[in-house]
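Below, each chain spelled out in residue letters.
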Amino acid sequence: MAQPATQPDVSPRRRLEMPVLDRRDAGSDYVRLVLGAPDDWISRPGQFLNVRCESAPRSAAASERRPLDYEDGGEWPQATGLELGRRRWPVVRRPLSISRLDRRGRVRVEILVRPVGSGTQWLASRPVGATLDVVGPLGNCFTPPADDRLAVLVGGGCGMAPIFGLADYLADLGREAVFVVGAPAVAQVPMRFKRPPEATGDVARPCPTILEPHVPVPTVLATEDGAGGFRGTAVAAAERWLDQAVADRPVAFYGCGPEPMLRALAALAERRRAPCQVSLEQFMGCGIGVCLSCVRKMRDPGSEVGWTYRLTCRDGPVADAADIVWE
Amino acid sequence: MAQGDIDLGVQVGSIAMKNPIATASGCGGYGEELAEFYDLGRLGAIVTKSITLQPREGHPPPRLVEVRAGMLNAIGLANVGLDRFLAEKLPALARFDVPVIVNVAGSTPEEYVAVCAALDAADGVAGIELNVSCPNVKRGGMEFGVAPEPLAALVEAVREKVTRATLIVKLSPNVTDIAVTAKAAADAGADALSLVNTLRGMAIDPWTGRPALTNTVGGLSGPAIKPVAIYMIRRVWEEVAGPRHLPVIGLGGVQFAEDVIEFLRAGATAVSVGTANFVDPQTCVTLVDGVREGLARLGVSSARDLVGRMQRGGET
């Protein structure tokens with residue numbers, strides 16, 4: 001992951017407490033948390049926070065019970081059949097992409113939380129005024145295009161998070177970009193629209209005004225059910241939009257989302273002979289390059305076997321798609 | 001007692017630790033990563049990741065999975081290898097005022113001996129910790145550390161070459177009676193023992209049937225194994241370490257200052273902190289302050305005075 005490097009001007013990594021300043025539901029599946037950051041905080045799109053979580057409480061009665069051995073571990077799991085598997089204590093932190101940095105006035109960073117497991121459920125339920133124990137900013141970041149080519153940003157699922165920040169960043173730099181968002185259905189897009197996006201079938205075009213969050217670049221919506229926006233995947237929508245609206249202009253792709261999406265995006269970039277940076281996800285133990293668990297196979301011509309393991313937390317999460325050995 | 005009067009210093013072999021807190025192997029990298037969060041000079045010692053003769057890429061991911069009150073890992077001894085460690089990692093540690101204990105792994109006795117001899121000759125290596133939970137390829141893959149004879153043979157062979165550094169043998173808990181392997185290591189010339197390494201464990205996805213780790217089997221660590229560690233340290237202290245005045249570095253689920261005090265009482269002279277570093281990279285320095293506070297509350301002036309000190313329990 002040599003090319004997208006850590007920027008020299010980001011804040012040093014540290015552990016700190018961040019207050020929750022705002023909390024909003026974002027679509028049916030996500031919660032946006034706005035966190036207060038120190039004045040000297042600088043992070044770049046692609047970087048992430050490693051957040052300490054506890055178990056989501058099951059009920060008031062259960063959460064009043066203190067565990068035997070944990071000051072902070074939440075309540076005892078109660079064996080209730082299939083629920084038991086989700087009732088574990090998070091031990092390690094949860095990595096979350098910084099979805100946005102706002103340095104106007106009080107410095108704020110935003111994360112997009114999808115409450116899927118015990119830790120993220122707890123995190124998504126943090127009220128305004130709560131404090132989070134955070135380590136960051138961690139990882140490397142997206143690098144803007146080297147020239148004035150069009151940046152095509154593709155996000156799916158939780159992977160939309162860093163793409164929001166990248167759209168802001170590129171707009172601030174005066175670069176031209178388009179954001180392609182993919183989701184199963186409109187309700188699962190973490191955005192609020194001025195009016196429901198109409199179905200456009202196999203036509204990919206920017207969708208109507210997004211009320212929240214503000215996205216400073218044209219945004220193309222793709223849904224699997226086709227009830228709003230393009231019918232199909234985000235990568236298919238990106239390709240269609242490029243064919244329809246961009247023709248031969250050079251582009252640079254940026255992506256974050258599920259593995260099949262990233263793989264399809266890398267293939268699209270290869271077909272168009274365009275650079276492509278993607279942000280990878282991998283389960284992490286520490287987030288700071290110590291535990292060596294979050295490895296990805298990356299091409300390495302210098303190695304005998306042609307690849308080497310790189311750490312997603314430290315050498316990534318952003319990688320040049322051409323360097324990734326897909327498995 | 002005022003906290004300023006507390007002496008946290010402990011001695012492990014020839015290593016003078018300014019306090020009983022060390023990082024555990026594999027949980028502090030080569031030191032430089034944690035150095036971004038605090039001055040490593042505040043620690044009693046740092047124990048590096050396992051070093052092998054040749055560099056190792058390690059196992060394919062997933063290498064780590066969270067389980068209830070702990071985690072399972074099968075990293076596969078990924079490391080830069082002896083040469084790069086000596087050329088790059090060890091010199092980088094020299095700028096910190098902290099004793100460096102290098103953890104060593106291998107698949108043959110010859111490999112252990114070669115790595116240990118080179119480390120013993122290197123500047124800046126205060127101690128060598130043998131990871132004996134590796135499969136012995138010459139003995140059909142059985143771990144060095146699970147039976148007394150191969151363990152004793154390994155420790156003797158290494159002891160011959162390690163004349164300067166403190167030789168610490170890290171015992172596996174995956175044995176019938178840890179006092180047996182502790183005694184074998186002590187008889188073979190270990191200066192100190194560290195215990196426990198991870199407990200062998202496994203996790204299976206209930207719906208897909210796939211093992212959670214690519215390697216299928218991993219090492220269980222974290223709060224889940226703490227009572228096992230306390231028991232085994234006590235057992236070793238009573239049978240081997242106490243009578244012979246052999247220092248023990250205790251590890252396994254240390255997270256809070258109370259845990260450190262509990263480990264000292266069980267018979268550990270110092271502790272290593274592993275998984276807790278992942279929860280909070282500042283854990284080790286927080287523990288240094290917490291232990292000082294705890295000793296003041298107990299009215300104990302020196303950490304050394306607490307080692308092995310527990311009340312007798314009822315007969316069992």
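Reading the values: the criteria
Residues numbered from 1 in each chain as written. Chains lettered and ligands numbered in written order. Predicted model: local features only at pLDDT ≥ 70, side-chain atom pairs only at ≥ 80, totals over all residues. Heavy atoms only, no water. Helix = DSSP H or I, 4+ residues; strand = E, 2+ residues; numbered from the N terminus. Rg over C-alpha atoms; globule rule 2.2 N^0.38 Å. Buried < 20%, exposed > 50% of the residue type's maximum accessible area, 1.4 Å probe, protein only. Contact = heavy atoms within 4.5 Å. Areas by Shrake-Rupley, 256 points an atom, 1.4 Å probe, with all protein chains shown as cover. Lys, Arg positive; Asp, Glu negative; His and termini not counted. Charge placed at Lys NZ, Arg CZ, Asp CG, Glu CD. Pairing = 2+ DSSP bridges. Buried area = accessible area lost by both parts, 1.4 Å probe. Salt bridge = Lys/Arg side-chain N within 4 Å of Asp/Glu carboxyl O. Polar contact = N/O pair within 3.5 Å; in protein donor to acceptor, adjacent residues only side chain to side chain. Nonpolar A, V, L, I, M, F, W, Y, C, P; charged D, E, K, R; others polar. Core = buried A, V, L, I, M, F, W, Y, C linked by side-chain atoms within 4.5 Å. Expected span 1.5 Å × (residues − 1). Axes fitted to C-alpha atoms, helices over the stretch in contact; angles between N-to-C directions. Parallel < 35°, antiparallel > 145°, perpendicular 65-115°, else oblique. Left-handed = near helix turned anticlockwise from the far one by under 90°.

Draft legend 1. Molecular detail of the overall build of chain B. Scanning chain B for helices and strands turns up eight helices and 14 strands. Taking 20 Å as the expected radius of gyration for a compact globule of 316 residues, we find that chain B reaches 18 Å, a close match to that expectation. Considering only C-alpha atoms, chain B reaches an extent of 55 × 50 × 40 Å along its principal axes. Buried positions account for 60% of the 316 residues belonging to chain B. The contacts in chain B between residues at least 6 apart in sequence include a share of 70% that link residues at least 24 apart. Taken as a whole, chain B presents about 12,000 Å² of accessible surface, with 52% of it coming from carbon and sulfur. Seen as two clouds, the 28 positive and the 34 negative side-chain charges of chain B have centres 2 Å apart.

Draft legend 2. Here's a closer look at the pairing of strand S8 (residues 127-131) of chain B. Residue and element names in this part refer to chain B. Of all five residues that make up S8, five are buried, and the element is covered over most of its length. Of the two faces of S8, the one carrying Gly 127, Glu 129 and Asn 131 and the one carrying Ile 128 and Leu 130 are both buried. Sheet topology note: the strand S7 (residues 100-104)/S8 ladder contains four bridges and is parallel. Bridge assignment links Asn 103 to a residue of S8, and that residue is Glu 129. As paired elements, S8 and strand S9 (residues 166-170) share five bridges and run parallel to each other. The partner of Ile 128 across the bridge, within S9, is Leu 167.

Draft legend 3. How the structure looks around the interface of chain A and chain B. Each side of the interface is counted separately: chain A has 34 residues, and chain B has 38 residues. Around 3,100 Å² of area is buried between chain A and chain B when both sides are counted, 60% of it from carbon and sulfur atoms. Close ionic contact of Glu36(B) with Arg13(A) constitutes a salt bridge, the shortest N to O distance being 2.5 Å. For the pair chain A and chain B, the interface holds 11 residue pairs in polar contact (both at pLDDT 80 or more). Counting only elements with at least two residues in the side of chain A that touches chain B, the list comes to strand S1 (14-26) and strand S17 (307-311) of chain A. If one sorts the elements of the side of chain A that touches chain B by residue count, S17(A) sits on top with three residues. Of the residues assigned to the side of chain A that touches chain B, the class counts are 18 nonpolar, five polar and 11 charged.

Draft legend 4. Representation of the nonpolar core within the structure. Counting residues in hydrophobic clusters, the biggest one holds 129 residues, and the most contacted among them are Ile128(B), Leu130(B), Val169(B), Leu193(B) and Leu195(B). Not counting the four nearest positions on each side in its chain, Val169(B) is found in contact with Leu130(B), Val132(B), Leu151(B), Val155(B), Ala185(B), Ala190(B), Ala192(B), Leu193(B) and Ser194(B). Core analysis: the second largest hydrophobic core is formed by 33 residues, Leu150(A), Ala238(A), Leu242(A) and Phe253(A) among them.

Draft legend 5. Structural detail: unusual backbone geometry. Residues and elements named next belong to chain B. Going from Pro 61 to Pro 62, the amide bond is cis rather than trans, its omega being -5°. The peptide bond linking Leu 195 to Val 196 adopts the cis configuration, its omega dihedral lying at 10°. Topologically, Val 196 is positioned in the loop between strand S10 (192-195) and strand S11 (199-202). Within the chain, Ala 69 stands out as a residue other than glycine whose phi angle is a positive 60°. Given the relative accessible area of 8%, Ala 69 is considered buried. With a phi angle near 55°, Leu 77 is a residue other than glycine that sits in the positive phi range.

Draft legend 6. Examining helix H5 (residues 259-271) of chain A more closely. Residue and element names in this part refer to chain A. Given a rise of 1.5 Å per residue, 13 residues ought to cover 18 Å, and the 18 Å separating the end C-alpha atoms of H5 matches this to within 8%. Of the surrounding secondary structure, the elements contacted by the buried residues of H5 are strand S7 (150-156), helix H4 (234-246), strand S14 (251-256) and strand S15 (276-279). Positioned one or two residues after H5, Arg 273 has a phi angle of 50°, which is positive.

Draft legend 7. Layout of the packing of helix H1 (residues 82-93) of chain B against helix H2 (residues 109-121) of chain B. Residue and element names in this part refer to chain B. Between H1 and H2, the shortest axis-to-axis distance is 11 Å and the interhelical angle comes to 20°. Between H1 and H2, the angle falls in the class roughly parallel. As for the relative orientation of H1 and H2, their crossing is right-handed in sense. Residues Leu 82, Phe 85 and Leu 86 of H1 pack against Ala 114, Val 115, Ala 118 and Leu 119 of H2.

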